[in-house]
Amino acid sequence: MQAYHRQLVAPTGVSHALSLRLTTHQQEGVISQLITARDSFIQVWNIIEHGETATLQHVYSRRLHGSISSLSRVRTLASKHDGADRVLISFLDAKMALMEWTPAVHELLPISLHTFEKLPQVVDGLARTATDPASRLSVLLLPSNTGGDGTLAVLPFFQEELDLESLGVDAAAWGADGIPSLPYAPSHLLPLASLTAPSASFAGPSRSSTLGNAPPPPSSSAPPVRNVIDMVFLPGFNEPTLALLYAPEPTWTGRLENMSSNCLVSLVTLASTSNNNNLKGGGEGNTTTAVVISTSPSLPHSSLSIHPCPPDLGGTLVLTANGIIHVEQSGKLLGVPTNAWFPKEYFGPGKDSPGKEMREPLEGARVVFVSNTTAIVFAKSGNVLELKLEVVAQVAVDEGMDIDDDDEDDIYGDSSKVATAVVPEPVLESTGPSAEVDQKPARSLTLRTCDTIASYGGIRSVTMGLVEDESPPELVACTGGGTTAGFTVFPRSISPRKRRKLDLGEHATRGVWSLSVGTEHQSVLITSTPTGTKMSHGTTGAMSPDHETPDATLAAGTVFGSSALVRVTADSVVLLNPDLSVAQTILLANPGAKRATVLDEYVLVTGSTPEHAQLFFANVSSRELENVPLPPALLTESLSISLFTDLHRVVPLVRPVPQDAVPTGTSSTAMDQDGEGGEGSDDEDDLYATAPKRPHASQSTQKEAELVIPSDSPRSWLPVVDASGTLKIYALPSMDEVFSSGAIALLPMVITDNVERAIPANVDPDDVEIERVAFFNLGESRLRPHLVILLSNGSFAAYEGFPSVLSARPSTRPSGSLGVRFVKVLVKRLPAPRTKRTPGDTLEAPRRDLVPFHDVQGFSGAFVLGEDPFWLVAADHGQAHLYEHGEKGVYGFSPCRFEEEGGYVVQSREGASVATLAPGVCFDREMPYVRVPRDRRYAAFTFDLDSGLYVCGALFDTVFMNFDDEGKPVFVNDSPDLIEPTNYRSAVELISPGTWSAIDGYEFRPNEFISVVKSVSLATRSTVSGRKDFIAVGTTVYRAEDLAARGGLYLFEVIKVVAHPDTPTHDHKLKLLTFEDTKSVVGNLCDIDGYLVMSMGQKLYVRAFEQDEVLIAVGFLDVGVHVTSLQAMKNFLLIGDALQSVTLVAFQEDPYKLIFLGRDYRPSRTTSANFLVNDGRVAFVVGDIEGVLRVFEYDPTNIASQAGQRLLCRTEYHAGAEAVATMLYAKRSGADEAKQNGILYGGIDGSLYTLVPVREAVFKRLLSLQTHLARHIQHFGGLNPRGFRMVKNDSVSRAITKGVLDGELLAEFEWLPLDLQMLLTDLIKSDPDTISANLRNLSQSF
């Protein structure tokens, strides 16, 4: 069976972040850029400074065909010329891509791609990356298949032009861009086993299998560099120096009595030499000489990560689970505890320092130096520790630590410098002055949150349920942990909330406007029908006959600072006073207007033909509307004309400097002169705040001197599109042309000024017919201009306007040009508008139009009217998105100005009403979502349909106390300072939607936590249908590692009770029907034909609920190690195992029996198993912990299936993220649609993706397109989409990935310009309309 995979929501949260300057030419207020990444999703932000605070402005988002493992800042030779940083991105599959920001295309483009995934010594796993702070080289630690031995992939960077001269390369022969075109030398491999240590310092006994706990005496023998835990480059060295944290011999908790200090830190210099023949294409490549110059004494086995210290301080910081250890360059150690466990694993200096009372574990902690002696430690719990390191004495280097005297000057610099001892002193959360060693008062740091990127965390469980009484069923998920714990609601559409009907008497099929006018902000409601207009004050909606007119209204708005109203009809423009009396009436020169716009101080009226357009200006001094003559050439050539006001003056006007002006100065808004640049050593000073910022020596001011940005940038624009598809923007009121770009109907990726582009002859004119071109302000606290292009075939594209001084062409226009670059941020194919009335429908079909709105509960955007309405909206931390409206057939929309809580007024086929958005809704992602924060995390939950309530399994962190058979504690904490071991304890909560408060609950035993919560339909005699829904709960009782875990099976019923008058919503309660203490963990539950199926250890039981009192076993089956998934369909049962893949069985009632049908005999760590149905055919989709989806089929007639006992694997596909939460849903797209179902997956990275079946004809067409897309378009970082989806399988000769279509790759087709779409579809003998229709049908959400 063929299927289609598509990611609905990208991963949430941030796992990697990097601050850098991607471009020297910064807009006003931007101090640098921030790159964030999580798995296969990357974003770029501008950091904008506002006085003492700063905010993040979204710039760029991209989904990748690879999982990011690290981000590094690199300065190449080209950085000396343009002052911009480059970014080195490494991926999990042993790849590195050197990227640079290209403003012309608004994209991170690859400079080079270095791949090592096909090397024989590379296996699947995490590839670690480290980059020298001076940008001399980067190394990639390849995951090895030779035990703990690893290999370094070394990528050297050129930093001096002398490097090229020494290679015999003539830079002039490479052209003007010769130096930037050689950013790096060829990469090469360095096995860690080849590291030499002529003067390494290492304790001999610590390499034996009986390594003691105390630091051993020094020794001159070299340790093997194996099992690398972490690595980092150190700043301030003349040669790149790598610090490796590794464990030569591994250990575990059962060996701690014999080996507890098995970790070491070694400093390794990497001297890279280049070979001229390599650049010429022959001879030997680059070589790197690696020398171990120092090795520390033994460190605790709980060492987690290593962090470099500033050059003036030297050494490294090693984070352990219970403390921090400073390792000097000579190998001396000094520790400081963060809890009382630290002295039990570390026995060196500082183990008894203050800090044990903090009780702070450091698993998952991060360290950031803010000065030479101060670092901030961010703990996993959310606490922030301030670490101060003070030099208290200068001592000679210990003679027992062997340092290579020959290399000392080369590595450390001046050998006359004396090593120093440091004393770190942590202070929790910087709440007060810290106690220094010499008792001197010190100033503590204060951290203030400036901006936050919202995140809801990983997804544990998903279900469909009600959110409010009037809302449709929505997708609800258990997400996050800690501060992000709670529920997340993913609405499929923006449904009206708190709706209140308005009695307008007649449907306002021509529009509705809610305005606030006058000094007292009186609210006015205007509604229009084909036969007239009604206007009223207040909120009742009752219309007075004095405010009725016999003509329909095209548009309405306020002018003169909202002190007057303007109403436009087909024949006139009427100016109204706040009391709705007529102040001025202007008859149109060309009656029969079709569309009008009232915006700020201008009124634009367009007729059936472009030459009938008229523009009016609201003169504040005369309090009248004045006609603004439009050039005849503009009217005769125009195809579409609109009006826009840049409210926040985001886009500047760029003018050429006059000839008599001094060409060395620019205005303060031109660009930021404080760019980073120069040598890598200068960057280290900036990093540790020891040197002021300085401009680049290579940064030229001549180019900047050619441009000035006046402070009087135009706020109002007149965009015009002519018959050839050329967009021209005229500034108002001067009517000067300030922007021009051709053939915008092709929907190019970027629209810039002064671009001449023509529509190719092979493009069908109907495909580029423009229906509407308009500009809107989108955003939340900061409004950004957006260009919207809507074609007649439904193609919808939104472009965000980014200020770009370099994109302007002022030399061609003496009056100036707009410094803006419009970047495509949204594409969608809208459904065709309905033009005919359905039988029995008395209303005309709603027209498709775009209506701007401002401040609907803080959001500004546009609303798409029509039979299929949409919201075009953007938030502060995301790009523009198009969301479906919750009801069909909308005629009018307007922000509500007569309700205190805001909201909007909407006129639909059902009538007019006032409604609001969901409280706390977030529009940052592809689907809107609402977070419901809770003070606890939830393992699983389900929705009870009868009561309309959620039954949730909560997890609480409690102190673990284990008891033996006699009831005595096995471990007793003898020290109050020690952090006690913790475990989960669960409770079942009955939660009411809307308020999301618990109205009832049941608490389980100590050390017992929930494994699964399911709503099951069991056979019963208490109902007429013979079935009834119950809540089944399976639990785990943890008893430490020495005793096998037990479990419990609970069966609840949600019953209705009489609520207390003080709590009327608490009208339901959980009733425990039966409980069974099991000998093993109850891992999963489901129902099949009215029976309960439960997994208990290595057994699978089928039980009947006899007399609604007791569960009786009627069948069992031996299964694998641990059942992770149970899914039933009819009388078939699909069983997923933690190690033994998937098994298919059938349940028989007469006699009771579980019949084995087939299984997959290859080992696989399964997390989910589901049925996929397509028109009478069924397949089994299995997901594992690596995010791989495998599609199996049961075919007894195939000889390879061994009479059906072996399930046949038809496809292996890497989806990208592990998913433990799945849900089946019915896929319906029409009345004649075949019976199909889809599978929704919730990833542990917060992503949502679906898998749906595909018909064979559609599959072949899209598969051919997918092949051409992989070959003919540029992918991020040069990544291979097909390689990302491939799964390594040694049992087959070639990868079997052709059974699943890559929706992420196919989605890029819709983003391509139309001329490129035509070229690709011609190769497969199809057309863009057919492809778009296929993708739209497959992408329909659950």
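Residues numbered from 1 in each chain as written. Predicted model: local features only at pLDDT ≥ 70, side-chain atom pairs only at ≥ 80, totals over all residues. Heavy atoms only, no water.

K.L.:
Would you explain the overall build of the protein in this entry?
P.N.:
Within the protein, the secondary structure is distributed over 12 helices and 87 strands. For the protein, the exposed area adds up to about 55200 Å²; of that, 51% sits on carbon and sulfur atoms. (Helix = DSSP H or I, 4+ residues; strand = E, 2+ residues; numbered from the N terminus. Areas by Shrake-Rupley, 256 points an atom, 1.4 Å probe, with all protein chains shown as cover.)

K.L.:
Is there a simple way to think about the sheet that holds strand S82 (residues 1188-1193) in this case?
P.N.:
Pairing between the strands of a sheet is mediated by backbone hydrogen bonds and can be parallel or antiparallel. Taken in spatial order, the 4 strands make up an open sheet running S80-S81-S82-S83, and their pairing is antiparallel. The open sheet has two free edges, formed respectively by strand S80 (1166-1174) and strand S83 (1208-1214), since each of these has just one partner strand. This sheet shows a mean twist of 25° between the axes of neighbouring strands, independent of strand direction. Where S82 meets S83, 6 bridges bridge the pair, whose relative direction is antiparallel. (Pairing = 2+ DSSP bridges. Axes fitted to C-alpha atoms, helices over the stretch in contact; angles between N-to-C directions.)

K.L.:
How do you make sense of the sheet that holds strand S34 (residues 555-559) when you look at a structure like this?
P.N.:
Spatial strand order, S34-S35-S36-S37: 4 strands in an open sheet with antiparallel pairing. The open sheet has two edge strands, S34 and strand S37 (582-587), and neither has a second partner. Averaged over neighbouring strand pairs, the angle between their axes works out to 20° when direction is ignored. As paired elements, strand S36 (residues 572-576) and S37 share 5 bridges and run antiparallel to each other. For Leu576, the partnering residue across the bridge sits in S37 and is Val582.

K.L.:
Any chance you could explain empty space enclosed by the protein here in plain terms?
P.N.:
If a probe the size of a water molecule is rolled over the atoms, the empty space left behind becomes visible. For the structure shown, the criterion picks out 11 cavities of 30 Å³ or more. Within this model, the largest cavity holds a volume of roughly 210 Å³. Lining the largest cavity we find 19 residues, and of these Leu747, Ser795, Arg829, Glu1310 and Gln1317 sit closest to its centre. Among the elements of the structure, strand S52 (795-803), strand S54 (820-829), helix H11 (1314-1323) and helix H12 (1328-1338) are those that each provide at least two residues to the lining of the largest cavity. Per element, the largest residue contribution to the lining of the largest cavity is 4 residues, and it comes from S54. The class makeup of the residues in the lining of the largest cavity is 9 nonpolar, 4 polar and 6 charged. Considered as a void within the structure, the second largest cavity measures approximately 110 Å³ in volume. Considering the residues around the second largest cavity, the lining is formed by Pro11, Thr12, Gly13, Phe41, Gln43, Trp45, Ile453, Ala454, His877, Asp924, Arg925 and Tyr929. (1 Å grid on protein atoms, 1.4 Å probe; cavity = no way out; pocket = protein on both sides within 12 Å on 5 of 7 lines; lining within 4 Å. Points joined across faces, edges and corners; volume = space filled by probe spheres on them. Nonpolar A, V, L, I, M, F, W, Y, C, P; charged D, E, K, R; others polar.)

K.L.:
Help me understand helix H8 (residues 1256-1272) in this model?
P.N.:
Along an α-helix, residues three or four apart share an orientation, since each turn contains 3.6 residues. For H8, which comprises 17 residues, the first-to-last C-alpha distance of 24 Å matches the rise-based estimate of 24 Å (1.5 Å per residue) to within 8%. Taken residue by residue, H8 has Val1258, Phe1259, Leu1262, Leu1265, Gln1266, His1268 and Leu1269 as its buried positions. Its buried side turned inward, H8 meets strand S1 (3-9), strand S87 (1300-1302), helix H10 (1303-1311), H11 and H12. (Expected span 1.5 Å × (residues − 1). Buried < 20%, exposed > 50% of the residue type's maximum accessible area, 1.4 Å probe, protein only. Contact = heavy atoms within 4.5 Å.)

K.L.:
What exactly am I supposed to notice about the environment of Pro310 here?
P.N.:
One can find Pro310 in the loop between strand S18 (303-308) and strand S19 (316-320). Placed 76 residues apart in sequence, Pro310 and Leu234 show a C-alpha to C-alpha distance of 8.3 Å.

K.L.:
Mind showing me how you'd approach the pattern of salt bridges here?
P.N.:
Opposite charge on two side chains makes pairing possible when the charged atoms of those side chains draw close. Counted according to the given criterion, the structure contains 47 salt bridges. Note that Glu1256 is salt-bridged to Lys1260, the shortest N-O span being 3.5 Å. Of this pair, Glu1256 and Lys1260 both sit in helix H8, 4 residues apart, which is roughly one turn of that helix. For Lys1260, a relative accessible area of 51% gives the class exposed. Through salt bridges with shared partners, a single ionic network connects Asp1160, Arg1162, Asp1184, Arg1190 and Glu1212. (Salt bridge = Lys/Arg side-chain N within 4 Å of Asp/Glu carboxyl O.)

K.L.:
It is not clear to me how the packing of aromatic side chains should be interpreted in this structure. Could you clarify?
P.N.:
Two aromatic rings, taken as a pair, are described by how far apart their centres are and by the angle between their planes. In total, this model carries 40 aromatic pairs according to the counting rule given. When the centroid spacing of 5.6 Å and the interplanar angle of 80° are considered together, the rings of Tyr60 and Trp101 count as edge-to-face. Here the residue Tyr60 occupies a position in strand S5 (residues 53-63), and Trp101 occupies one in strand S8 (residues 95-102), the gap between them amounting to 41 residues. Here Tyr60 matches Trp101 in class, with each residue buried. Feature note: the residues Phe487, Tyr938, Phe941, Phe943, Tyr950 and Trp996 constitute an aromatic cluster, connected by ring pairs. (Phe/Tyr/Trp six-rings, centres within 6.5 Å; stacked < 30°, edge-to-face > 60°.)

K.L.:
How should I be thinking about the pairing of strand S13 (residues 188-191) in this particular structure?
P.N.:
Along a regular strand, successive side chains alternate from one face of the sheet to the other. Judged by which residues are buried, S13 turns out to be one-sided: His188 and Leu190 face inward and are buried, whereas Leu189 and Pro191, on the alternate face, are not. Of the pairings in the sheet, the one linking strand S12 (residues 151-156) to S13 comprises 4 bridges and is antiparallel in character. By the bridge assignment for S13, Ala153 is matched with Leu189.

K.L.:
Help me out: how do you make sense of the confidence of the model for the protein in this one?
P.N.:
Per-residue confidence for the protein averages 83 on the pLDDT scale, and 84% of its residues sit at or above 70. When the criterion is pLDDT under 50, residues 198-220 qualifies, and its contacts beyond four places in sequence or with other chains add up to 67 contacts. Low pLDDT, under 50, characterises residues 662-705; the predicted model gives this stretch 83 contacts beyond four residues in sequence or across chains. (pLDDT = per-residue confidence, 0-100.)

K.L.:
It is not clear to me how a nonpolar patch on the surface should be interpreted in this structure. Could you clarify?
P.N.:
Together, Val368, Val370, Phe378 and Leu447 give the surface a local cluster of nonpolar side chains, amounting to about 310 Å² of exposed area. Note on placement: Phe378 falls in strand S23 (residues 374-378). Phe378 sits in the partly exposed class, given a relative accessible area of 34%. (Patch = residues over 30% accessible without salt bridge, like charges linked within 9 Å, V, L, I, M, F, W, Y side chains within 5 Å.)

K.L.:
Any chance you could explain the nonpolar core here in plain terms?
P.N.:
One broad rule of soluble globular proteins: the nonpolar side chains tend to lie buried together. Among the nonpolar cores identified, the biggest contains 36 residues, and Leu1248 and Leu1269 are the most heavily contacted of them. Looking at this core, the elements with two or more residues in it are S1, strand S26 (459-465), strand S27 (474-479), strand S84 (1219-1226), strand S86 (1248-1253), H8, H10 and H12. No other element matches H8, which puts 5 residues into this core. Apart from residues lying up to four places away in sequence, Leu1269 is in contact with His1275, Leu1305, Leu1306, Phe1309, Leu1312 and Leu1320. Within the second largest apolar cluster, 35 residues are counted, among which are Phe487, Ile494, Phe923 and Tyr950. (Core = buried A, V, L, I, M, F, W, Y, C linked by side-chain atoms within 4.5 Å.)

K.L.:
Just checking my understanding: could you explain H10 for this structure?
P.N.:
Counting buried positions along H10 yields 7 of 9 residues, so the element is predominantly enclosed. When we look at burial in H10, the residues that qualify are Gly1303, Glu1304, Leu1305, Leu1306, Ala1307, Glu1308 and Phe1309. Capping of H10 at its N-terminal end is provided by Asp1302; its side-chain oxygen lies 3.2 Å from the backbone amide nitrogen of Glu1304. (Polar contact = N/O pair within 3.5 Å; in protein donor to acceptor, adjacent residues only side chain to side chain.)

K.L.:
Can you walk me through a positive patch on the surface in this structure?
P.N.:
A cluster of basic residues, Arg1271, Arg1282, Arg1294 and Lys1298, forms a positive patch at the surface. Arg1294 gets classed as exposed once you look at its relative accessible area, which sits at 57%. (Lys, Arg positive; Asp, Glu negative; His and termini not counted. Charge placed at Lys NZ, Arg CZ, Asp CG, Glu CD.)

K.L.:
When you look at the pairing of strand S67 (residues 997-1003) in this model, what are you seeing that I'm missing?
P.N.:
In this structure, strand S66 (residues 982-992) lies alongside S67, joined through 6 bridges in antiparallel fashion. Within S67, the position partnered with Glu989 by the bridge is Gly1001. A loop of 4 residues connects S66 with S67, the two strands running antiparallel in sequence, and Gly994 in this loop sits at a positive phi of about 95°.

K.L.:
What exactly am I supposed to notice about unusual backbone geometry here?
P.N.:
Trans peptide bonds make up the majority, and among non-glycine residues the majority have a negative phi. Cis geometry marks the peptide bond from Leu732 to Pro733, where omega comes out at 10°. Each neighbour pair has its own omega, and for Asp1150 with Pro1151 the value is -5°, a cis peptide bond. Looking at the element boundaries, Pro1151 is found in the loop between strand S78 (1142-1149) and strand S79 (1152-1159). Positive phi is not limited to glycine here, since Asp39 has a value of about 55°. For Trp996, which is not glycine, the phi torsion reads 55° and is therefore positive.

K.L.:
Mind showing me how you'd approach the side chain of Arg925 here?
P.N.:
With respect to the secondary-structure elements, Arg925 resides in the loop between strand S62 (921-922) and strand S63 (929-933). Among buried charged residues, Arg925 stands out as having no salt bridge; its nearest opposite-charge side chain is Glu926, 4.1 Å away. Look past the residues within four positions of Arg925 in its chain and what remains in contact with it is Val9, Ala10, Pro11, Thr12, Phe41, His881 and Tyr883.

K.L.:
Would you mind showing me how to read the environment of Ala758 here?
P.N.:
Relative to the helices and strands, Ala758 resides in the loop between strand S49 (750-751) and strand S50 (770-779). When the C-alpha positions of Ala758 and Ala743 are compared, they lie 5.5 Å apart, and in sequence the two are 15 residues distant. In this view, Ala758 contacts Ala743 and Leu746; residues no more than four positions away in its chain are not counted.

K.L.:
What is the right way to read the packing of H8 against H12 from this model?
P.N.:
Two packed helices can be described by the angle between their axes and the distance between those axes. Packing of H8 against H12 leaves a shortest axis separation of 11 Å and a crossing angle of 110°. When the axes of H8 and H12 are compared, the pair comes out roughly perpendicular. Helix-helix and strand crossings are classified by hand; for H8 and H12 the assignment is left-handed. Contacts from Val1258, Arg1261, Leu1262 and Leu1265 in H8 reach Thr1330, Ile1331, Asn1334, Leu1335 and Leu1338 in H12. Considered class by class, the residues forming the contact of H8 with H12 number 6 nonpolar, 2 polar and 1 charged. (Parallel < 35°, antiparallel > 145°, perpendicular 65-115°, else oblique. Left-handed = near helix turned anticlockwise from the far one by under 90°.)

K.L.:
Would you explain the environment of Glu601 in this entry?
P.N.:
With respect to the secondary-structure elements, Glu601 resides in the loop between strand S38 (595-599) and strand S39 (602-606). C-alpha separation for the pair Glu601 and Thr645, spaced 44 residues apart in sequence, amounts to 9.3 Å.

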